[in-house]
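Each chain, written out:
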Amino acid sequence: MAQTSYPPGPRSRLPGAAFLAYRRDPIALFSRLRAEYGDVAGFRIGPERFVLLSHPDHIRDVLVTHHRNFEKGIGLQRAKVLLGEGLLTSEGEYHRRQRRLAQPAFHHRRVESYGAVMVEYTERTVSRWEDGATLDVWQEMMRLTLAIVGKTLFDADVEEDARDVGESLTTVLDLFNLMLLPFAPAILRLPLPPTRRFRTARDRLDAVISRLIADRRAAGTDRGDLLSMLLLAQDAEDGSGGMSDEQLRDEALTILLAGHETTANLLTWSFYLLAQHPDFEAALHAELEDALEGRLPTATDLQKLPYTRLVLTETMRLYPPAWVIGRRALGPFEVGGYTLPAGAVLLMSQYLVHRDARYYPEPERFMPERWSVSADSSRPRHAYFPFGGGPRQCIGEGFAWMEGMLLLATIAQSWRLRLAPGHRVGLRPQVTLRPAHGMRMALQKR
């Protein structure tokens, strides 16, 4: 076997320099590594050796071709302290079994039935808006998507819990980068203010979800939501039955986290980009007027809204809700002329690859038409991977597309949004790609 070797990367005499750079601005760090060292670049955080991969072929090899040689990266491994053994964090045969059990909950017909809920809750939100008012659209989208995932996941109106749940999710996500510290597991056991906030937030989330699971078990009926499907799921392949309450908690919390924040960020960035490009916004409005003729959209209308989908596709290119994926090698792995040892952590950044000029002419420009049927389709498959790839591709992709399109169509049908004067727009890359300062926008009734 070839001798193991790591790719070149920055050398610093300052202990923890890479971690400090990552904490300050991980996207800036990754961009510098890519510019200085190419498609395969190495760096250290404490005792951990990381390799940043920026070529679609290398990303395909990790996520698809050799996926069995990898497990989740350090961040999601340590996120088990919050998410337990949910689909985002579990591994091996346990993950495959859980995915088999959860898959029916995301069947196309089941997901399509949630369309009316998505539109109804969006109409409820915008009915409170006032022409000429200024509000934080990111906060509005966070509340809206939380209400939708609560209804579709639990068939429960969680708006009464929204403040607790929203604040708790923000707390745990704010502390997520702490998970990358070399001694994070030990730090989380110490009675420090950040770790006390983390445990309190986790306990609040557990209380809400455990109450909903207990209520549903006691009712014993299929209420048409995702939780009902998870409760009723039986593993026919190995005959091992359904999920325990602990497994249900892990999957429900994972869906709540993944299905709430990501769509809120996507819509926020979409409205920001449309506000900067009124010509594209006008094209979107024209499609909605022609296809819907003044009525609210439904799930059956999605095929009539191709430009709406292009807008979201291009937004996810520039501002992917999941901006980086990590994997740890279980055995040696050859990439870019290097043979990485078992234990190496590989990082693949959607944000970087989606803005690579080799695959996207004028990569910093917002151009929805680049995704039209007539556009060049010669770019590699994994030059665009907002939902990951391979066997662990996001199970909720269909749900996310439908929710994003219906919410964007419902809001844009009646409103224009413009960035508030003086509002600073920046990136806050954590588990998801949040706007650093929210997104204050002025409302204009159409």
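Analysis parameters
- One numbering rule holds for all chains: residues counted from 1, following each sequence as written.
- Reporting of local features is limited, given that this is a predicted model, to residues whose pLDDT is at least 70; pairs of side-chain atoms are given and counted only at 80 or more, and all residues count toward the totals for whole chains, interfaces and linings.
- Side-chain metrics rest on all non-hydrogen atoms present in the structure, leaving aside hydrogens and water.
- Here a strand is any run of E in DSSP of at least two residues, a helix any run of H or I of at least four, and the numbering for each starts at the N terminus.
- C-alpha atoms define the radius of gyration in this analysis, and the globule rule sets the expected value at 2.2 Å times the number of residues to the power 0.38.
- Accessible area is worked out with a 1.4 Å probe on protein chains only. A residue is then buried under 20% of its type maximum, exposed over 50%, and partly exposed in between.
- Two residues form a contact once any of their heavy atoms are found within 4.5 Å.
- Computed by Shrake-Rupley with a 1.4 Å probe, the accessible areas treat only the displayed protein chains as cover when residues are assessed.
- The charge count includes Lys and Arg as positive and Asp and Glu as negative, but it does not include His or the ends of the chains.
- Each charge is placed at NZ for Lys, CZ for Arg, CG for Asp and CD for Glu.
- Following DSSP output, two strands are said to pair if at least two bridges run between them.
- Angles here are taken between N-to-C directions and fall from 0 to 180 degrees, while the axes themselves are lines fitted to C-alpha atoms, restricted in helices to the stretch in contact.
- Centres within 6.5 Å are what make two rings of Phe, Tyr or Trp a pair, Trp counting through its six-membered ring; a difference in plane orientation under 30 degrees is then read as stacked, over 60 as edge-to-face, and the rest as tilted.
- Two thresholds decide whether a charge sits over a ring: the Lys NZ or Arg CZ must be within 6 Å of the ring centre and within 35 degrees of the ring normal.
- Any Lys or Arg side-chain nitrogen located within 4 Å of an Asp or Glu carboxyl oxygen qualifies as a salt bridge.
- Here a crossing is called left-handed whenever its near helix is offset anticlockwise from the far helix by less than a right angle, and right-handed whenever the offset is clockwise.
- By the convention adopted, Pro, Cys, Tyr, Trp, Phe, Met, Ile, Leu, Val and Ala count as nonpolar, Lys, Arg, Asp and Glu as charged, and the other residues, Gly among them, as polar.

(A) A look at the overall build of the protein. In terms of regular secondary structure, the protein is built from 18 helices and twelve strands. A compact globule built from 446 residues should have a C-alpha radius of gyration of about 22 Å, and the protein, at 22 Å, falls within 12% of that. Taken along its principal axes, the extent of the C-alpha atoms in the protein is 65 × 55 × 45 Å. Here the protein holds 446 residues, and 56% of them are scored as buried. Contacts in the protein between residues at least 24 apart in sequence constitute 74% of all its contacts with a sequence separation of at least 6. When the accessible surface of the protein is split by element, carbon and sulfur atoms take 52% of a total near 19,300 Å². Across the protein, the mean location of the 56 positive side-chain charges is 6 Å away from that of the 54 negative side-chain charges.

(B) Main features of the sheet that holds strand E1 (residues 40–45). Read across the sheet, five strands follow the order E1-E2-E8-E5-E3 without closing on themselves; strand pairing throughout is mixed. The open sheet has two edge strands, E1 and strand E3 (70–72), and neither has a second partner. Taking the axes of each pair of neighbouring strands and ignoring which way they run, one obtains an average angle of 35 degrees across the sheet. Inspection of the sheet shows E3 paired to strand E5 (residues 325–329) by three bridges, in the antiparallel sense. Following the sheet pairing, Glu71 is matched in E5 by Arg328. Across the sheet, helix H2 (residues 26–37) touches E1, strand E2 (48–53) and strand E8 (345–348), and the angle it forms with E1 is around 135 degrees.

(C) Inspection of the packing of aromatic side chains at higher detail. Under the definition given, this model contains 13 aromatic pairs. Arranged with centres 5.8 Å apart and planes meeting at 35 degrees, the rings of Phe30 and Trp323 form a pair that is tilted. Here the residue Phe30 occupies a position in helix H2, and Trp323 occupies one in the loop between helix H16 (306–318) and E5, the gap between them amounting to 293 residues. Each ring, one from Phe280 and one from Phe366, has its centre 5.7 Å from the other, and the planes form 80 degrees; the classification is edge-to-face. In this pair, Phe280 is assigned in helix H15 (residues 278–292) and Phe366 in the loop between helix H17 (350–353) and helix H18 (397–412), connecting sequence segments 86 residues apart. A single burial state applies to Phe280 and to Phe366, both of which are buried. Cluster of aromatic residues (ring-pair linked, three or more members): Phe30, Phe43, Phe50 and Trp323. If you follow Arg49 out to its NZ or CZ, it ends over the ring of Tyr6, 3.9 Å from the centre.

(D) Region of interest: the sheet that holds strand E12 (residues 440–445). The strand order across the open sheet built from three strands is E4-E12-E9, with neighbouring strands paired in antiparallel fashion. In the strand order of this sheet, the two ends are held by strand E4 (134–136) and strand E9 (415–419), each with one partner. Looking at each pair of strands side by side, their axes are set apart by 40 degrees on average, direction ignored. With respect to the sheet, helix H9 (residues 137–154) is in contact with E4, E9 and E12, its orientation differing from that of E4 by roughly 55 degrees.

(E) Region of interest: the pattern of salt bridges. Applying the stated rule across the entire model yields 24 salt bridges. Glu91 is the partner of Arg392 in a salt bridge, and the nearest nitrogen-oxygen pair spans 3.1 Å. With Arg392 in the loop between H17 and H18 and Glu91 in the loop between helix H5 (80–83) and helix H6 (92–102), the pair connects residues that are 301 residues apart, well separated along the chain. Classification of Arg392 as partly exposed rests on a relative accessible area of 21%. Look at the salt bridges and you will find they share partners, linking Arg34, Asp39, Asp356 and Arg358 into a network.

(F) Seen up close, the side chain of Thr152. Within the element layout of this structure, Thr152 appears in helix H9. Among residues more than four places away in sequence, those in contact with Thr152 are Tyr114, Val117, Asp225, Leu226 and Phe399.

(G) Up close: the packing of H16 against H18. Here H16 crosses H18 at 115 degrees, and the two axes come no closer than 10 Å. Seen along the crossing, H16 lies across H18 with a hand that is right-handed. Here Thr308, Arg309, Val311, Leu312, Thr313 and Met316 of H16 come into contact with H18, specifically with Trp401, Gly404, Met405 and Leu408. Residues that form the contact of H16 with H18 fall into these classes: six nonpolar, three polar and one charged.

(H) Layout of the pairing of E8. Residues of E8 alternate between two faces, with Val345 and Leu347 on one and Leu346 and Met348 on the opposite face, all of them buried. Pairing of E2 with E8 involves four bridges; the strand directions are parallel. Note on E8: the bridge partner recorded for Leu53 is Met348. As paired strands, E5 and E8 are joined by four bridges and run antiparallel to one another. Counterpart to Arg327 in the pairing with E8 is Leu346.

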